[in-house]
Amino acid sequence: RTEVSVILPVYNCAKLLSNCLSSIFNTSYSNFEVVVVNDGSNDGSLDIAKEFPCLAIDLKENRGPAAARNIAIKKAKGFLLLFTDADCTVQKDWIKVMYTEYCRLDKEIGNIGAIGSRIIPNNRFVSKCIAYSGYYAFQHGDRIIERPDLCAANLLVVKKVFDEVDGFNERLINGEDTDLTCKIYERGYRVIYDPKAYAIHNHQKSMLEFFIHQKKWGEVHGLQLEIKYQKIRKINKWLLNTNPYVYLF
């Protein structure tokens, strides 16, 4: 059986997609598949995906990353799901490292539902702004810890657990990954931050796009997810706010 399915949603990311896929396939691990979902791109992303041994799914209109990933997973054969983004590059043997860590942790502590690993910004100023403004709030140092809120840029989820919690919430414009791992945690599974593996997030946003992104991020995280999952994320009530513009800073 296929052990790992790598799920990759793509929306107008042709300039970075080849590097992303090249890094994914740079592994000595062999029992995996890559499912790419072209989420309504009009920049040739689908053609690039077809240059690699991927299962390529073409959506004619943009549905968003949550819907794209859900569609891909319906075709996935692996019992483990590995997620990253098209604007990321992963370390050599990323799949092997994540699979090995899952096997080790499942044997040592059991009941693993999800494992998130390290995400690093590239050297662009805006990328570092995004990282340090809370977008990478899931970066929790160099130790393995239990943490319910993880990010799909570098994430492993057990497929049967994913199905049990009904996958990604397609109504969310962002934060669907945090919502997913919090649902898994609420269901009683172990959700682990493990810094063993890394992915580099190659953000290409301008400063204006960064401000717009942070406002949208605040509208979901500040007004929805941080309130909904306040107890399991151990957020002090006085830190909760109802103003998305706070997330600009």
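See above for the structure.
Because the structure is a prediction, the values reported are computed rather than measured.

1. Notes on the overall build of the protein chain
Thought 1: Counting its secondary structure elements, the protein chain contains eight helices and nine strands.
Thought 2: Per-residue burial for the protein chain yields a buried fraction of 59% across its 249 residues.
Thought 3: Of the contacts formed within the protein chain by residues at least 6 apart in sequence, a portion of 77% connects residues at least 24 apart.
Thought 4: On the protein chain, roughly 11,800 Å² of surface is accessible, and the fraction owed to carbon and sulfur atoms is 51%.

2. Considering the nonpolar core
Thought 1: One finds Ile24 and Phe83 to be the most contacted residues of the largest nonpolar core, which totals 64 residues.
Thought 2: For this core, the element with the highest residue contribution is helix 4 (residues 94-108), accounting for seven residues.
Thought 3: Those residues in contact with Phe83, other than ones at most four positions away along the chain, are Ile7, Arg69, Ile73, Trp94, Ala152, Ala153, Asn154, Leu155, Val157, Phe162 and Phe168.

3. Section: the pattern of salt bridges
Thought 1: Inspection of every chain in the model, using the stated rule, returns 12 salt bridges.
Thought 2: Lys60 is the partner of Asp58 in a salt bridge, and the nearest nitrogen-oxygen pair spans 2.9 Å.
Thought 3: The closest approach of N and O atoms between Arg118 and Asp142, which form a salt bridge, is 2.7 Å. Here Asp142 lies in the loop between helix 5 (125-135) and strand 7 (145-146) and Arg118 lies in strand 6 (residues 112-121), a separation of 24 residues in the sequence.
Thought 4: The exposure class assigned to Arg118 is partly exposed, which follows from its relative accessible area of 22%.
Thought 5: Classification of Asp142 as exposed rests on a relative accessible area of 64%.

4. What to know about the pairing of strand 9 (residues 190-201)
Thought 1: Judged from the three bridges that link them, strand 5 (residues 88-90) and strand 9 form a sheet pairing that is antiparallel. The partner of Val90 across the bridge, within strand 9, is Ala199.
Thought 2: Pairing analysis gives eight bridges linking strand 6 to strand 9, with the strands arranged parallel. From the neighbouring strand, Pro121 faces strand 9, where its bridge partner is His201.
Thought 3: Here two bridges tie strand 7 to strand 9, and the two strands are oriented antiparallel to one another. Paired with Glu146 across the two strands is Ile192, which belongs to strand 9.

5. Considerations on the packing of aromatic side chains
Thought 1: On inspection of all chains with the given rule, the structure shows eight aromatic pairs.
Thought 2: One aromatic cluster in this structure is built from Phe25, Tyr29, Phe32, Phe52 and Tyr99.
Thought 3: Sitting above the plane of the Phe79 ring, Arg1 keeps its charged end 4.1 Å from the centroid.
Thought 4: Above the ring of Phe168, the side-chain terminus of Arg69 is found at 5.1 Å from the ring centroid.

6. Quick notes on helix 4
Thought 1: Taking 1.5 Å of rise per residue, the 15 residues of helix 4 would be expected to cover 21 Å, and the 21 Å separating its terminal C-alpha atoms lies within 8% of that figure.
Thought 2: The complete set of buried residues in helix 4 reads Trp94, Ile95, Val97, Met98, Tyr99, Glu101, Tyr102 and Leu105.

7. Focus on the environment of Thr181
Thought 1: Here Thr181 lies in helix 7 (residues 176-186).
Thought 2: What Thr181 contacts, discounting residues up to four positions off in sequence, is Ala114, Pro148, Asp149, Leu150, Leu155 and Val191.
Thought 3: A polar contact of 3.1 Å, which involves the side chain of Thr181, links it to the backbone nitrogen of Leu150.

8. A word on the side chain of Asn202
Thought 1: Here Asn202 shows up in the loop between strand 9 and helix 8 (207-228).
Thought 2: Taking the relative accessible area as the measure of exposure, Asn202 reaches 16% and is therefore buried.

9. A short note on the state of the cysteines
Thought 1: Enumeration over the complete set of coordinates arrives at zero disulfides.
Thought 2: Here Cys151 is not disulfide-linked; the sulfur of Cys88 is the nearest cysteine sulfur, at 7.7 Å.
Thought 3: Judged by its relative accessible area of 7%, Cys151 is buried.

Criteria and thresholds
- Residues numbered from 1 in each chain as written.
- Predicted model: local features only at pLDDT ≥ 70, side-chain atom pairs only at ≥ 80, totals over all residues.
- Heavy atoms only, no water.
- Helix = DSSP H or I, 4+ residues; strand = E, 2+ residues; numbered from the N terminus.
- Buried < 20%, exposed > 50% of the residue type's maximum accessible area, 1.4 Å probe, protein only.
- Contact = heavy atoms within 4.5 Å.
- Areas by Shrake-Rupley, 256 points an atom, 1.4 Å probe, with all protein chains shown as cover.
- Core = buried A, V, L, I, M, F, W, Y, C linked by side-chain atoms within 4.5 Å.
- Salt bridge = Lys/Arg side-chain N within 4 Å of Asp/Glu carboxyl O.
- Pairing = 2+ DSSP bridges.
- Phe/Tyr/Trp six-rings, centres within 6.5 Å; stacked < 30°, edge-to-face > 60°.
- Lys NZ or Arg CZ within 6 Å of the ring centre and 35° of its normal.
- Expected span 1.5 Å × (residues − 1).
- Polar contact = N/O pair within 3.5 Å; in protein donor to acceptor, adjacent residues only side chain to side chain.
- Disulfide = S-S within 2.5 Å.

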